[in-house]
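Listed below, chain by chain, are the residues.
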Amino acid sequence: MAGKPPTGDPVQDAPDVAAPQHAAAGLPAIAHTLRVAQKQMGVRRTALTLLKVNQKDGFDCPGCAWPEPDKRHAAEFCENGAKAVAEEATLRRVTPDFFAAHPVADLATRSGYWLGQQGRLTHPMYLAEGATAYEPVTWERAFDLIAEELHALTSPDEALFYTSGRTSNEAAFLYQLFAREFGTNNLPDCSNMCHESSGSALTETIGVGKGSVLLEDLYRADLIIVAGQNPGTNHPRMLSALEKAKAGGTKIITVNPLPEAGMERFKNPQNARGLAGGGTPLTDLFLQIRLGGDQALFRTLGRLVLETEGALDTDFIREHTHGFEEYERTARAADWDETLRATGLRREEIEEALRMILASRRTVVCWAMGLTQHKHAVPTIKEVVNLLLLRGDIGRPGAGVCPVRGHSNVQGDRTMGIFERPSAAFLDALEKEFGFAPPREHGLDVVRAIRALRDGDAKVFFAMGGNFVAASPDTDVTEAAMRRARLTVHVSTKLNRSHVITGARALILPTLGRTERDRQSSGDQFVTVEDSMGMVHASRGRLEPASPHLLSEPAIVCRLARRVLGTESTTPWEEFEADYATIRDRVSRVVPGFEDFNARVARPGGFTLPHAPRDERRFPTATGKANFTAAPVEYPKAPEGRLLLQTLRSHDQYNTTIYGLDDRYRGIKNGRRVVLVNPDDARTLGLADGTYADLVSEWTDGTERRAPGFRVVHYPTTPGCAAAYYPETNVLVPLDHTADTSNTPASKSLVIRLEQADPV
């Protein structure tokens, strides 16, 4: 049956459900963190490791990309960050004996949670064609196998080189260099599935596809709007920044279909008030919006600003923007009735938001995948920019755009050239530095890569980190596509679902984690990462590697490149592997903003990359100015008897990594197959709390995509909207249901019906 879950481990079919909480963190977060960490690492290792997380002389958390303040707490990590570190620094090991005892067919019955709990991979492993189990293989043989398949391709474009956000700047630069010297721009990455819509919208409107604010800007803001984001689970350290902003008088508007505990009240575990007291209320106005109604909301707010005398920053609009007249005509035509239908809000709520915007001289808008994963995601983010441009709130201290990216260094990977559509300027710099002609034809993003595998147009899939199968949309289609590959290769620290959905042949290449010491022939090495606000800093692991058979990601790329490219390559791969400073020297001559890279990153805390709109109020767009836009307002609609579903994370997971089976803040315990439904909607559909239903998505291709056996939980969602966890619900996301322009899977607005069923 489509969407049927793996069943070989004790995932409960009957989750326990209690009332959702109204505050995040506090003593329970500390207790849970220590319990998980000590279970994985032991007491001494826990203390040694966690005290180095996000410190200036330590290692960057392998979780989210939220920046660190200059003055850091001794415990500069959150609950989910500690879980990520614990699973990487765990004492558990997955050895060749484990694979001998667990054939691939057995592993395929296990859940992602079970696979991840087994521990660190210790040896390169190979699944031969027709074999039933992985067997150990030498590194030399592994590289020979990859070279054999790559050399057998008709074209370099039959190879796909995927990247996860955890890859360091140094490894990412080498990886894209190898792929392009091999001859392809097929560099899909996890940005394609999350913040591609942000990059597309911001590049067109302000000329830089990144956020324009620094951490200090949040502290200086009069108003912060947090839209389509749940910091309490996905970026918990952001709550500390919001708390500090509140202490300085900042107001906060939260725009979200679900009430989230972290945005209601934050009990900061780093101070006495958070531990012993009631914590800090964060949200001043909660706009519980209908899924996908954000474009309509920001358009109408723009209209109301236009209609308010003295509200516009006319000097900024005249000197720094383009397209205002067309935007003004379109925005003034915004219809109240349509806005209220699209948003599900009351007029008084929107007018209260307007009053807060007008009272603010410095406004920051933060967002995450709640805005980026809709069909109309790009025009929605452009509408956010429109509102800020009206008030002159880009390029002003304490104001600007703040897309909050997820995985640590996902932004840095893009900066280093992990992009299927590289700019001509980047390719020119690469050619000048390395003396080869890189391919100019654009490559494949994630969705197009899956199609290429499905259609037989791609034959080798190489993943630098991540869990591609579990992260991608249309699970059944993705898995069938992967099985058509000649070879699948995964550079990983732990087991995941992608290791058991293989091509005809498969390799698992174990690599060092962020927590581990990286010794090369020139001595101990460090790597660098870029956070969500464009800060670049060093990361140094201290633990001994989990196995003597591990290689670092830079070493894996260098040895692979030497084997595949041979003596025809003049790139000094051996030199790069021996000393990462030599990689940074080359980056400094190829990537703008990284001049004198080695010296600047040696300073404690690193350095800030330049950002023309923020630093100079200069907008490097096609017009030379910040661009107003005026796209038609769109929002998803569900027929009678149907709901709009958003996929989301539980509090016990990070991306596709499942740390446990509880979602403490939402009151869910010991299970993940739950669907959160507004009580009135559930009653209309005849679904009592505690009953079970199959989730069936409806799409224009007529294909039935079904996720069976979800417990119905009556929950205060926006009427007409529901929510359930991914990756379990990725099976419902059609491969072709993507955002216009960015091609990001539209996982936040699925039309579904619920059919009564039995537990799975």
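Everything below is about the structure shown above.
A brief report on the enclosed structure follows. The residue count restarts for each chain, going from 1 along the sequence in the order it is written. The predicted nature of this model means local features are confined to residues of pLDDT at least 70 and side-chain atom pairs, given and counted, to a pLDDT of 80 or more, with totals for whole chains, interfaces and linings taken over all residues. Where side-chain values are given, they derive from all heavy atoms of the structure, hydrogens and water being excluded.

## Some points on the overall build of the protein
Helix and strand counts for the protein come out as 32 helices and 33 strands. In terms of overall dimensions, the protein is globule-like: its C-alpha atoms have a radius of gyration of 25 Å, near the 27 Å expected for 760 residues. Note on classification: 1.4 Å probe, protein chains only; a residue is buried when its accessible area is under 20% of the maximum for its type, exposed when over 50%, partly exposed between these limits. Split into buried and exposed, the 760 residues of the protein put 65% on the buried side. Any pair of residues with heavy atoms lying within 4.5 Å of one another is described as a contacting pair. Pairs at least 24 apart in sequence give 79% of the contacts found in the protein among residues at least 6 apart. For the area figures, the Shrake-Rupley method with a 1.4 Å probe applies, and any residue is considered shielded solely by the protein chains shown. In the structure as shown, the protein presents an accessible area of about 26,000 Å², 50% of it carried by carbon and sulfur atoms. Charge counting follows a simple rule: Lys and Arg are positive, Asp and Glu are negative, and His as well as the terminal groups are ignored. Positions of charges follow a simple convention, taking NZ of Lys, CZ of Arg, CG of Asp or CD of Glu. Distance from the positive charge centre (88 side chains) to the negative charge centre (97 side chains) of the protein: 4 Å. Helix and strand assignments come from DSSP, with helices taken as H or I runs of at least 4 residues and strands as E runs of at least 2, each series counted from the N terminus. Using C-alpha atoms as the atom set, the radius of gyration is obtained and then compared with a globule rule of 2.2 Å times the number of residues to the power 0.38.

## What to know about the environment of Ala 546
With respect to the element layout, Ala 546 can be found in the loop between strand E22 (535-539) and helix H27 (553-565). You can call Ala 546 buried: its relative accessible area is 14%. Once you skip the residues sitting within four places of it in the chain, Ala 546 turns out to touch Arg 93, Arg 120 and Glu 516.

## Some remarks on helix H9 (residues 196-205)
In an α-helix there are 3.6 residues to a turn, and that puts residues three or four apart on one side. Counted residue by residue, H9 has 8 buried out of 10 residues, so it is predominantly covered. When we look at burial in H9, the residues that qualify are Glu 196, Ser 197, Ser 198, Gly 199, Ser 200, Ala 201, Leu 202 and Thr 205. On its buried face, H9 sits against strand E14 (363-367), helix H20 (369-372), helix H21 (377-390), strand E15 (400-403), helix H22 (410-415) and strand E24 (626-627). In the segment just after H9, Gly 207 is the residue with positive phi, at about 95 degrees.

## Thoughts on the nonpolar core
General note: in soluble globular proteins, nonpolar side chains tend to be found buried as a group. Residues enter a nonpolar core if they are buried and are Ala, Val, Leu, Ile, Met, Phe, Trp, Tyr or Cys, with the set joined through side-chain atoms within 4.5 Å. Of all hydrophobic cores here, the largest spans 62 residues; its most connected members are Ile 146, Leu 150, Phe 161, Phe 178, Phe 462, Leu 509 and Trp 573. Setting aside its immediate chain neighbours within four residues, Phe 178 contacts Leu 150, Phe 161, Val 557, Leu 560, Ala 561, Val 564, Leu 565 and Trp 573. Within the second largest apolar cluster, 46 residues are counted, among which are Leu 306, Ala 311, Ile 381 and Val 384.

## A look at the pairing of strand E21 (residues 527-530)
Here E21 shows a buried face lined by Val 527 and Val 529 and a second buried face lined by Thr 528 and Glu 530. Here, a strand pair is defined by DSSP locating no fewer than two bridges between the strands. Bridge analysis of E21 against E22 gives 4 bridges, and the strand direction is antiparallel. When the sheet's bridge partners are listed, Val 527 is paired in E22 with Ser 539.

## Notes on the packing of helix H8 (residues 169-182) against helix H29 (residues 580-590)
In the contact formed by H8 and H29, the axes pass within 10 Å of each other and the chain directions differ by 70 degrees. With respect to H29, the axis of H8 lies roughly perpendicular. As H8 packs across H29, the resulting crossing turns out to be left-handed. In contact with Glu 170, Phe 173 and Leu 174 of H8, H29 contributes Tyr 580, Ile 583, Arg 584, Arg 586, Val 587 and Val 590. Grouping the amino acids of the contact of H8 with H29 by side-chain chemistry returns 6 nonpolar, no polar and 3 charged. Note on method: axes are straight lines fitted to C-alpha atoms, helices fitted across the in-contact stretch only, with angles between N-to-C directions ranging 0 to 180 degrees. Under this scheme an angle from 65 to 115 degrees is roughly perpendicular, one under 35 degrees roughly parallel, and one over 145 degrees roughly antiparallel; angles in between are oblique. Each crossing gets its hand from how the near helix is turned against the far one by less than a right angle, where anticlockwise is left-handed and clockwise is right-handed. Residues are sorted three ways: Asp, Glu, Lys and Arg are charged, Ala, Val, Leu, Ile, Met, Phe, Trp, Tyr, Cys and Pro are nonpolar, and all the rest, Gly among them, are polar.

## Here's the deal with the pattern of salt bridges
Side-chain pairs of opposite charge can arise where the charged atoms are in close proximity. Within this document, salt bridges are pairs made up of a side-chain nitrogen of Lys or Arg and a carboxyl oxygen of Asp or Glu, the two lying within 4 Å of each other. Tallying each qualifying case throughout the model produces 70 salt bridges. A salt bridge links Asp 652 to Lys 83; its shortest N-O distance comes to 2.5 Å. Of the two residues, Asp 652 sits in the loop between strand E25 (643-648) and strand E26 (653-654) while Lys 83 sits in helix H3 (residues 79-88), which places them 569 residues apart along the sequence. This pair shows no difference in class: Asp 652 is buried, exactly as Lys 83 is. Across the salt bridge formed by Arg 421 and Glu 196, the nearest N and O atoms sit 3.8 Å from each other.

## Digging into a nonpolar patch on the surface
The residues that make up patches have over 30% relative accessible area and no salt bridge, and they are joined within 9 Å when like-charged or within 5 Å when they are Val, Leu, Ile, Met, Phe, Trp or Tyr. A surface patch of nonpolar side chains, about 300 Å² in accessible area, is lined by Leu 27, Ile 30, Leu 34 and Leu 275. Along the chain, Leu 27 turns up in helix H1 (residues 27-41).

## Re the sheet that holds strand E5 (residues 125-127)
Spatially, 6 strands are ordered E6-E5-E18-E17-E16-E7 in an open sheet, and the strand pairing comes out mixed. Looking at the sheet topology across the chains shown, the edges are occupied by strand E6 (135-136) and strand E7 (159-163). Here 5 bridges tie strand E16 (residues 460-464) to strand E17 (residues 487-492), and the two strands are oriented parallel to one another. Bridging across to E17, Ala 463 finds its partner in His 490. Contacts from H8 reach E7 and E16, with the element oriented near 170 degrees to E7.

## Observations regarding helix H15 (residues 294-306)
Here the expected length of a helix is defined as 1.5 Å per residue gap, with one fewer gap than residues. With 13 residues, H15 ought to run about 18 Å at 1.5 Å a step, and its terminal C-alpha atoms sit 18 Å apart, in line with that. Of all 13 residues making up H15, 13 are buried, and the element is well covered by its neighbours.

## Side note on the packing of aromatic side chains
Put simply, two rings from Phe, Tyr or Trp (the six-membered ring, in Trp's case) pair if the centres are within 6.5 Å, and we call them stacked under 30 degrees between planes, edge-to-face over 60, tilted for the rest. Tallied over the full model, the rule gives 22 aromatic pairs. Ring centres 6.3 Å apart and planes at 80 degrees place the aromatic pair Phe 316 and Phe 619 in the edge-to-face group. With Phe 316 in helix H16 (residues 314-320) and Phe 619 in the loop between helix H31 (612-616) and E24, this pair connects stretches of sequence that are 303 residues apart. Take Phe 316: its relative accessible area is 2%, and that puts it in the buried class. Here the aromatic cluster, defined as three or more aromatic residues joined through ring pairs, consists of Phe 161, Tyr 175, Phe 178, Phe 182 and Phe 462. In this structure, Arg 110 packs its charged tip against the face of Trp 114, placed 4.2 Å from the ring centre. A ring is scored as having a charge over it whenever the NZ atom of a lysine or the CZ atom of an arginine sits within 6 Å of its centre and within 35 degrees of its normal.

## Quick word on the sheet that holds E15
Reading across the sheet, the 5 strands line up as E12-E9-E8-E14-E15 and stay open at both edges, with parallel pairing between neighbours. The sheet terminates laterally at strand E12 (285-287) and E15, the two strands that pair on one side only. Across this sheet, the average inter-strand angle for adjacent strands is 15 degrees, counted without regard to direction. Across 4 bridges, the pairing between E14 and E15 is parallel. Across the sheet, the residue bridging to Val 365 is Val 401, located in E15.

## Re the state of the cysteines
Note on terminology: pairs of cysteine sulfur atoms within 2.5 Å are recorded as disulfides. Counting across every chain of the model gives 0 disulfides. Of all cysteine sulfurs, the one in Cys 64 lies closest to Cys 78, which takes part in no disulfide; the gap is 5.9 Å. The exposure class assigned to Cys 78 is buried, which follows from its relative accessible area of 13%. Free of any disulfide, Cys 190 has its nearest cysteine sulfur in Cys 194, 5.4 Å distant.

## Quick notes on the packing of helix H18 (residues 336-343) against helix H19 (residues 347-358)
Between H18 and H19, the least distance of the axes is 10 Å, while the angle of their chain directions is 95 degrees. Regarding the angle of H18 to H19, the classification is roughly perpendicular. Every residue of H19 that contacts H18 at Trp 336, Thr 339, Leu 340 and Thr 343 is listed here: Arg 347, Ile 350 and Glu 351. Here the contact of H18 with H19 is built from residues that sort into 3 nonpolar, 2 polar and 2 charged.

Purely geometric numbers; function is a separate question.
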